[in-house]
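Fold and geometry: a report
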Amino acid sequence: MQTRQPYFTARRLAAFGVMSALVFVSSWMQIPIGEVTRVHLGNGFCALTGLLFGPAIGGFASGVGSMLFDFTNPLYIAESWLTFILKFFIGFLAGAISHYRVAEEGFTRIKDIVGAAVGAAAYVMLYLGKTLVIKLWLEHQALGAVQAQLVTKLAASSINAVAAVFVSVLLAAALRPALARAGLFGGLTGPQAKKA
């Protein structure tokens, strides 16, 4: 009789911890744009986590690392639980698409690009939706002021999304062979990457 291993083994927990920390640190690599938004590398590491370790670790490490970043800034702390949910989708979707049928097909560059792009685009839409609801209906700001903030946030979020796809796909291709040699993909994510 074969015993079933728990999903969160020591290796998976270690990957979760390291990637949460990388998401947290990369969120500090930023350029503020006024008082309403910023351009940063955090989303790229959220997508990278999903590409490397799949949807579960990708989603949770993205959410936790980003939420911890919010804890360091009084402007963000009240919405940290929303940040967890929204950033979860970057890593989860990137991982789900990248790891789809990975046992049969291996990793491909196309699935990595599509996964990172879908995760980043989903985040942009959710982030803008959250901003609209909070600013317009909860804070009762004027429609013109909300629209101006949405335009600024859309511009910065679009830059973040493009950077996320670029950074995550390049780093995933560079890191997978080393992670495979270290034995981190054994039973964790399937076979080594195939060329796209």
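An account of the accompanying structure is given in this report. Note that the structure is predicted; figures quoted are calculated from it, not measured. (Residues numbered from 1 in each chain as written. Predicted model: local features only at pLDDT ≥ 70, side-chain atom pairs only at ≥ 80, totals over all residues. Heavy atoms only, no water.)

Observations concerning the nonpolar core
- Of all hydrophobic cores here, the largest spans 31 residues; its most connected members are M19, L48, L52 and F53.
- Secondary structure elements with two or more residues in this core: α1 (10-27), α2 (42-71), α3 (80-98), α5 (109-138) and α6 (143-181). (Core = buried A, V, L, I, M, F, W, Y, C linked by side-chain atoms within 4.5 Å. Buried < 20%, exposed > 50% of the residue type's maximum accessible area, 1.4 Å probe, protein only. Helix = DSSP H or I, 4+ residues; strand = E, 2+ residues; numbered from the N terminus.)

Digging into the environment of G119
- Structurally, G119 is set in helix α5.
- On the basis of relative accessible area, G119 is assigned to the buried category, the value being 0%.
- In this structure the C-alpha to C-alpha distance between G119 and A94, which are 25 residues apart in sequence, comes to 5.2 Å.
- Excluding residues within four positions of it along the chain, G119 makes contact with F89, I90 and L93. (Contact = heavy atoms within 4.5 Å.)

Things to note about the environment of G59
- By secondary structure assignment, the location of G59 is in helix α2.
- When its relative accessible area of 0% is taken as the criterion, G59 is described as buried.
- As for G59 and R176, which are separated by 117 residues in sequence, their C-alpha atoms are 19 Å apart.

Digging into the packing of α5 against α6
- One can describe the packing of α5 onto α6 by two numbers: an axis separation of 9 Å at closest approach and a directional angle of 160°. Relative to α6, the element α5 lies roughly antiparallel. When the axes of α5 and α6 are compared, the crossing they make is right-handed.
- Counted by class, the contact of α5 with α6 contains 19 nonpolar, four polar and five charged residues. (Axes fitted to C-alpha atoms, helices over the stretch in contact; angles between N-to-C directions. Parallel < 35°, antiparallel > 145°, perpendicular 65-115°, else oblique. Left-handed = near helix turned anticlockwise from the far one by under 90°. Nonpolar A, V, L, I, M, F, W, Y, C, P; charged D, E, K, R; others polar.)

Re the pattern of salt bridges
- This structure, assessed with the given rule, holds five salt bridges.
- Ionic pairing is found between R101 and E105, a salt bridge with its closest N-O pair at 3.0 Å.
- The exposure class of R101 is partly exposed, given its relative accessible area of 42%.
- For E105, a relative accessible area of 29% corresponds to the partly exposed category.
- Salt-bridge contacts for R176 lead to D112; the nearest nitrogen and oxygen are separated by 2.7 Å. A residue pair is termed long-range when its members are at least 10 positions apart, and R176 in helix α6 and D112 in helix α5 qualify at 64 residues. The same class applies to R176 as to D112, namely buried.
- Here the residues in one salt-bridge network are R101, E105 and K111, joined through shared partners. (Salt bridge = Lys/Arg side-chain N within 4 Å of Asp/Glu carboxyl O.)

Description of the environment of L136
- Relative to the assigned elements, L136 resides in helix α5.
- Judged by its relative accessible area of 18%, L136 is buried.
- With near-sequence residues (within four places) excluded, L136 lies in contact with T131, Q141, L143 and V146.

Comments concerning the packing of α2 against α3
- Interaxial distance between α2 and α3 falls to 7 Å at its minimum, and their mutual angle equals 170°. Relative to α3, the element α2 is oriented roughly antiparallel.
- Partitioned by chemical class, the residues of the contact of α2 with α3 number 14 nonpolar, 13 polar and two charged.

Comments concerning the packing of aromatic side chains
- Within this structure, the stated rule accounts for nine aromatic pairs.
- Centroid distance W28 to F69: 4.9 Å. Interplanar angle 75°. Geometry classified as edge-to-face. You can see W28 sitting in the loop between α1 and β1 (30-33) and its partner F69 sitting in helix α2, a full 41 residues away along the chain.
- With centroids separated by 5.2 Å and ring planes inclined at 75°, the aromatic side chains of F60 and F88 adopt a geometry described as edge-to-face. On the criterion of sequence distance, the pair formed by F60 in helix α2 and F88 in helix α3 is long-range, its members being 28 residues apart.
- For F60, a relative accessible area of 37% gives the class partly exposed.
- Here F88 falls in the buried class, since its relative accessible area comes to 18%. (Phe/Tyr/Trp six-rings, centres within 6.5 Å; stacked < 30°, edge-to-face > 60°.)

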